[in-house]
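Summary of structural features
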Amino acid sequence: MYAIAGASGQLGRLALASLIDKVGSAQVVALVRDPAKLADVAAQGVSVRAADYDQPETLVTALAGVSRLLLISGNAIGQRARQHGAVIDAAKAAGVGFIAYTSILHADVSTIGLAGEHRATEALLAASGLPFALLRNGWYNENYTGALAPVVAGGVLIGASGAGRIASASRADLAEAVAVVLAGGDETAGKVYELAGDAAFTMADFASELSRIAGKPVVYQDMAEADYAKALESVGLPDFIAAMIANSSFQASSGALFDDSGTLGALIGRPTTPIAQTIATALGVAAA
Ligand SMILES: NC(=O)c1ccc[n+]([C@@H]2O[C@H](COP(=O)([O-])OP(=O)(O)OC[C@H]3O[C@@H](n4cnc5c(N)ncnc54)[C@H](OP(=O)(O)O)[C@@H]3O)[C@@H](O)[C@H]2O)c1
């Protein structure tokens, strides 16, 4: 049995679909806090089980009979090393034979503030004695396309990434890759996969692509990290989220979101989705 923890999230749902394609729904277990969220998946024959990273007692039961587990990192920033540790302990107790964990690109050396919890989880996996693989995901293309309408309307894209090159990848490509690894065999144990898009862009490149696809002028305006955080707060983001986004953006200026290993494309067996495609999808226009 193959299980996905975090199956109800945006990456998790895509990974579930990809895994079902590869191994069939009868061999798939979806772990979710609220099973009602995955009623549609249960209707396809997937075993949907209640599991909360904050309730360790739910985890061992939910992992019964599972041989390979994909642990998708949670989204409770600051709580995640403890939460992931509970899942790893439960996996060990339940006799799970392999864990694949969605970490952050180049977690071992990453200067991004968010990387700390991922490094801590990687260390817990290493200490567990269980076979594991690290799926070190770069930034999603969709991080850059979630709120394009006001950018196009105002003609200015702001950020703190300078001329840093960003090799983001679509969630769908990353989901397919994690499903490939989960559905794989013993060769995946001990592997570290640095997962990023084939092509990299600077934020100025992004503004220029957006401008071309939207048919409106858009320029990139670089800011100091603190000013970018303030700008994000001024449009309603909570201060700690604004600080986290600004930190990631600034760290990208020195290459924290760049990778050219080609690992993602090799895993999925095709070129990764270009950022222009994700922009076009977000704007609801034909692929550019
Ligand atoms: N690479 C990137 O650019 C990027 C960007 C954002 C986040 N991330 C990381 O990658 C993960 C997956 O991304 P995503 O876009 O799929 O995020 P997402 O849509 O927010 O999904 C997060 C998933 O974590 C689950 N979860 C949160 N707390 C949990 C808990 N206590 N117990 C069990 N499950 C819990 C959520 O379950 P519910 O449905 O019950 O809430 C959901 O399924 C994120 O959680 C985050 O760690 C990466």
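These numbers were taken from a predicted model, which means no experiment stands behind them.

Concerning the overall build of the chain
Within the chain one finds 12 helices and nine strands. For the chain, the C-alpha radius of gyration of 19 Å lies close to 19 Å, the compact-globule estimate for 288 residues. The dimensions of the chain, computed from C-alpha atoms along their principal axes, are 55 × 35 × 35 Å. For the chain, the residues scored as buried account for 50% of the 288 residues in total. Taking as baseline every contact in the chain between residues at least 6 positions apart, the subset at least 24 positions apart corresponds to 76%.

A word on the site of the ligand
In the neighbourhood of the ligand, 22 residues make up the surrounding shell, with Ser8, Leu11, Lys37, Ser73 and Gly74 lying closest. Contact distances for the ligand include 2.7 Å between an oxygen atom and a side-chain N or O atom of Lys37. Between an oxygen atom of the ligand and a side-chain N or O atom of Arg80, the distance comes to 3.0 Å. Contact with the protein chains covers 84% of the free accessible surface of the ligand, which is 880 Å². At the level of elements, helix 1 (10-23) and helix 4 (80-94) are the ones that each hand at least two residues to the shell around the ligand. For the shell around the ligand, the class distribution of residues is six nonpolar, 10 polar and six charged.

What to know about the pattern of salt bridges
Applying the stated rule across the entire model yields 10 salt bridges. Residues Asp108 and Arg136 are paired through a salt bridge, measuring 3.2 Å at the closest nitrogen-oxygen approach. Linking Asp108 in the loop between strand 5 (98-104) and helix 5 (115-128) with Arg136 in strand 6 (residues 132-137), this pair joins segments that are 28 residues apart in sequence. Residue classification places Asp108 among the partly exposed positions, given a relative accessible area of 48%.

Considering the packing of aromatic side chains
Under the definition given, this model contains three aromatic pairs. Through a chain of ring-to-ring contacts, three or more aromatic side chains come together here, namely Tyr144, Phe201 and Phe206. Over the ring of Phe98 we find Arg68, and its NZ or CZ is 3.8 Å from the ring centre.

Overview of the pairing of strand 1 (residues 2-5)
Of the two faces of strand 1, both are covered, the one formed by Tyr2 and Ile4 as well as the one formed by Ala3 and Ala5. Pairing of strand 1 with strand 2 (residues 28-32) involves four bridges; the strand directions are parallel. The partner of Ile4 across the bridge, within strand 2, is Ala30. Between strand 1 and its parallel partner strand 2, the chain crosses via helix 1, and the hand of that crossover is right-handed. Bridge count between strand 1 and strand 4 (residues 68-71): four bridges; the pairing is parallel. Residue pairing for strand 4: Tyr2 is matched across the bridge by Arg68.

A few points about the side chain of Asp173
Along the polypeptide, Asp173 turns up in helix 7 (residues 171-182). In this structure Asp173 comes out as buried when scored by relative accessible area, which is 1%. A distance of 2.8 Å separates the side chain of Asp173 from the side chain of Arg270, its partner in a polar contact. The residues touching Asp173, leaving out its near neighbours within four places in the chain, are Leu264, Ile268, Arg270, Thr272 and Thr273.

Concerning the sheet that holds strand 1
On the basis of which strands lie adjacent, the open sheet formed by seven strands has the order 3-2-1-4-5-6-8 and parallel pairing. The strands lining the two open edges of the sheet, one partner per strand, are strand 3 (47-50) and strand 8 (192-195). Recorded for the sheet is a direction-independent mean angle of 20° between the axes of neighbouring strands. Pairing of strand 5 with strand 6, which is carried by six bridges, proceeds in the parallel orientation.

Describing helix 4
If you check helix 4, its first and last C-alpha atoms are 21 Å apart, about what 15 residues at 1.5 Å a residue would give, namely 21 Å. All of the buried residues along helix 4 are Arg80, Gln83, His84, Gly85, Ala86, Val87, Ile88, Ala90 and Ala91. Turning to helix 4, the residues buried within the fold contact helix 3 (56-62), strand 4, strand 5 and helix 5. Looking at the residues trailing helix 4, positive phi occurs at Gly95, about 80°.

Reading guide: rules and limits
Residues numbered from 1 in each chain as written. Predicted model: local features only at pLDDT ≥ 70, side-chain atom pairs only at ≥ 80, totals over all residues. Heavy atoms only, no water. Helix = DSSP H or I, 4+ residues; strand = E, 2+ residues; numbered from the N terminus. Rg over C-alpha atoms; globule rule 2.2 N^0.38 Å. Buried < 20%, exposed > 50% of the residue type's maximum accessible area, 1.4 Å probe, protein only. Contact = heavy atoms within 4.5 Å. Near = heavy atom within 4 Å. Polar contact = N/O pair within 3.5 Å; in protein donor to acceptor, adjacent residues only side chain to side chain. Areas by Shrake-Rupley, 256 points an atom, 1.4 Å probe, with all protein chains shown as cover. Nonpolar A, V, L, I, M, F, W, Y, C, P; charged D, E, K, R; others polar. Salt bridge = Lys/Arg side-chain N within 4 Å of Asp/Glu carboxyl O. Phe/Tyr/Trp six-rings, centres within 6.5 Å; stacked < 30°, edge-to-face > 60°. Lys NZ or Arg CZ within 6 Å of the ring centre and 35° of its normal. Pairing = 2+ DSSP bridges. Right-handed = clockwise from strand over helix to strand, strands pointing away. Axes fitted to C-alpha atoms, helices over the stretch in contact; angles between N-to-C directions. Expected span 1.5 Å × (residues − 1).

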